[in-house]
Amino acid sequence: MKKTKMLTTSLAVMCTLPLQTTASAEKTHPHDEGDVMTVTAPVYSPLTIATSPKTPRQPVPASDGSDYLKTIPGFSQIRNGGTNGDPVFRGMFGSRLRLLTNDGEMLGACPARMDAPSSYISPESYDVLTLIKGPQSVLWGPGNSAGTLRFERLPPQFTQAGVKGNVSLLAASNRRWDKNADISVGNEQGYLRLTGNTSRANDYKDGDNRRVPSKWDKWNSDIALGWTPDKDTLLELSAGKGDGEARYAGRGMDGSQFKRESLGLRFEKSNIGPLLDKFEASAYYNYADHVMDNFSLRTPGSMSMGGMGMGMSMPMAMRLDRRTVGGRMMTTWLWQDYQLQTGADTQLNTHRSLDNGRWDKDARFDNYGLFGELTWEASAQNKVIVGTRLDRAQVDNFTTAEQPSRSATLPAGFLRVEHSVASLPLMVYAGVGYTTRFPDYWELFSPTYGPGGSASAVPGAIAATIDTFSASIR
Ligand SMILES: [Cu+2]
């Protein structure tokens, strides 16, 4: 384990200090915190990449999940000021790319996507980041034609009472100043983990020495309480809060509030028996409360913000929120050379806007899914993986008096064959995947016009889904 790390390129300085007070720091999990991993060869499959978000990266990413993802090949970003960009993977973004934190989803509230899901994520407070490329897994919700990103905090492992964790500081140009702390105390019976971070940066100056609005200031704080009565059982309760503000050069308003409230519960039981190997279940509540305005972080109507701000002369503000509640359960079965993972998941989310002191609900999305994924180890060199899932999705529109709703049944599936060459560190695979996706809030509600130029976001006669077909051979 490295004691202190220091990186200096241009004007960035970062130092990380791992703490450990237990006498024997036995690590049973391959991704246990403190292990520094970089983007490496596949861990589970050629379509999965696992990396540690605690690894320092250059150039230093902004405070959010999106800029961080740019350090992984295949990702780009729709920039949104200094922070809170929207990640794009292989040209696809939005609800084509699912972002999960501890297996829960946090959907933003801003109709203009100032708060993409990644803007609520502070990557360094997680232990593992896993990317599953394309529709080559059905375990993590419907759609995901671009892929699935999972930010996970792993339960800290203690073989005796002790304290461990990480503290890191980052200073860089334009008054960038980040503080991160991740401390766990526990013993064999359980643990208490506290993570907290703040991140701030000032506007930068362009070549003409003019300030470009790009400043941000954010904080996040999370707590997890785990009970591990034996090494195969875990029950964890977690809660978190955060907030921030960000100035945007390319928008008519700035983001003056990005409040987050999260609650989570997870249960895992491993090594159950010869046939049923594992049972896991989790539930989450994520709440985003967003405010944008043109007066708290700028002067209304000012066109001088680097020459790029769109001037609105009247002071204006909008406040919006979204409540996302969901859960999943999954069982893992083992029989001879077969592994079957099967389960169900659900998500309900409600979007509202504050209008004259009253919260008005405009949209409610419901989704229920069933999934199964079978892996067959045909031989030491050959593997066949097949998966299928079926979802029922519905949206209720509260913006019109008739309240039309729209629903669809969404099938998805994939098949992949993997062959490892015995004499070489080489794997060849061929995969084919099909997935269907229900349109998201930004497609249905925030455009000025609905599909086909109609005024309604939910016309009954329009076909329900956008389909994706993908195939790859490598
Ligand atoms: Cu906004």
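Presented here is a report on the structure given in the accompanying data block. Just so you know, these numbers come straight off a predicted model, no measurement behind them.

What counts as what
- Residues numbered from 1 in each chain as written.
- Predicted model: local features only at pLDDT ≥ 70, side-chain atom pairs only at ≥ 80, totals over all residues.
- Heavy atoms only, no water.
- Helix = DSSP H or I, 4+ residues; strand = E, 2+ residues; numbered from the N terminus.
- Areas by Shrake-Rupley, 256 points an atom, 1.4 Å probe, with all protein chains shown as cover.
- Buried < 20%, exposed > 50% of the residue type's maximum accessible area, 1.4 Å probe, protein only.
- Polar contact = N/O pair within 3.5 Å; in protein donor to acceptor, adjacent residues only side chain to side chain.
- Contact = heavy atoms within 4.5 Å.
- Salt bridge = Lys/Arg side-chain N within 4 Å of Asp/Glu carboxyl O.
- Patch = residues over 30% accessible without salt bridge, like charges linked within 9 Å, V, L, I, M, F, W, Y side chains within 5 Å.
- Lys, Arg positive; Asp, Glu negative; His and termini not counted.
- Charge placed at Lys NZ, Arg CZ, Asp CG, Glu CD.
- Donors = N, O, S within 2.8 Å, 3.2 Å for Na, K, Ca; no water.
- Tetrahedral: all angles 85-135°; square planar, octahedral: opposite > 155°, others 65-115°.
- Pairing = 2+ DSSP bridges.
- Phe/Tyr/Trp six-rings, centres within 6.5 Å; stacked < 30°, edge-to-face > 60°.

Quick notes on the overall build of the chain
Point 1. The helix and strand tally for the chain stands at two helices and 26 strands.
Point 2. When the accessible surface of the chain is split by element, carbon and sulfur atoms take 59% of a total near 21,600 Å².

Some words on unusual backbone geometry
Point 1. Within the chain, N102 stands out as a residue other than glycine whose phi angle is a positive 45 degrees.
Point 2. Topologically, N102 is positioned in the loop between strand 7 (97-101) and strand 8 (104-105).
Point 3. On the accessibility criterion, N102 (26% relative accessible area) is partly exposed.

Overview of the side chain of N144
Point 1. Position of N144 relative to the elements: it lies in the loop between strand 9 (128-133) and strand 10 (147-152).
Point 2. A distance of 3.0 Å separates the side chain of N144 from the backbone oxygen of G141, its partner in a polar contact.
Point 3. Ignoring sequence-local partners within four residues, the contact set of N144 consists of S95, R96, R98, G134 and P135.

Some details on the pattern of salt bridges
Point 1. Applying the stated rule across the entire model yields 32 salt bridges.
Point 2. A salt bridge links D67 to R79; the shortest N-O distance between them is 4.0 Å. Residue D67 is found in helix 1 (residues 65-69), and its partner R79 is found in the loop between strand 4 (75-78) and strand 5 (86-89); the two are separated by 12 residues along the sequence.
Point 3. Classification of D67 as buried rests on a relative accessible area of 10%.
Point 4. Notably, a salt bridge pairs R260 with D222, separated by 2.9 Å at the nearest N-O pair. Of this pair, R260 sits in strand 18 (residues 254-269) while D222 is found in strand 16 (residues 216-227), placing the two residues 38 residues apart along the sequence. The pair R260 / D222 is uniform in exposure class, with both members buried.
Point 5. Among the ionic contacts, a cluster of salt bridges with common partners joins E236, R266, E268, K278 and E280.

Thoughts on a positive patch on the surface
Point 1. Together, R175, K179, R200 and K205 make up a region of like positive charge exposed at the surface.
Point 2. Among the secondary structure elements, R200 is positioned in strand 13 (residues 190-201).

With respect to the coordination of the copper ion
Point 1. Listed as protein donors to the copper ion are C110 (SG), M114 (SD), H290 (NE2) and M292 (SD); their distances from the metal cover 2.1 to 2.6 Å.
Point 2. Around the copper ion sit four donor atoms, and with donor-metal-donor angles ranging over 92 to 121 degrees the site reads as tetrahedral.
Point 3. Written as a sequence motif, the donor arrangement for the copper ion is C-x3-M-x175-H-x1-M. Linking C110 in the loop between strand 8 and strand 9 with M292 in strand 19 (residues 276-293), this pair joins segments that are 182 residues apart in sequence.

A closer look at the environment of R247
Point 1. Relative to the helices and strands, R247 is located in the loop between strand 17 (233-246) and strand 18.
Point 2. On the basis of relative accessibility, which here comes to 9%, the residue R247 falls in the buried class.
Point 3. Through-space distance from the C-alpha of R247 to that of G81 is 6.6 Å; in sequence the pair is 166 residues apart.
Point 4. Of note is the side chain of R247, whose polar atom sits 2.5 Å from the backbone oxygen of L297.

Details of the pairing of strand 13
Where a strand is regular, its side chains alternate between the two sheet faces.
Point 1. In the sheet, strand 12 (residues 176-187) pairs with strand 13 via 11 bridges, with the strands oriented antiparallel. Bridging from a neighbouring strand, W177 pairs with R200 of strand 13.
Point 2. Hairpin remark: strand 12 followed by strand 13, antiparallel, with two residues in the connecting loop.
Point 3. In the sheet, strand 13 pairs with strand 16 via 12 bridges, with the strands oriented antiparallel. Residue G196 lies in a different strand from strand 16, and its bridge partner there is S221.

Focus: the packing of aromatic side chains
Point 1. A complete count under the given rule lists eight aromatic pairs for this structure.
Point 2. Residues F75 and F89 carry aromatic rings whose centres are separated by 4.7 Å and whose planes lie at 35 degrees to one another, so their mutual orientation is tilted. Note that F75 is positioned in strand 4 and F89 in strand 5, a separation of 14 residues in sequence. One exposure class covers both F75 and F89, and it is buried.
Point 3. Consider the rings of Y338 and W376, whose centres lie 5.9 Å apart with planes at 10 degrees: the pair is stacked.

Structural notes on the pairing of strand 24 (residues 405-421)
Point 1. Relative to strand 24, strand 23 (residues 382-397) is paired through 15 bridges, and the arrangement is antiparallel. Paired with R392 across the strands is T409, a residue of strand 24.
Point 2. The pairing of strand 24 with strand 25 (residues 426-437) spans nine bridges and is antiparallel. Looking across to strand 25, one finds that S420 is bridged to M427.
Point 3. Linking strand 24 to strand 25, which pair antiparallel, is a turn of four residues.

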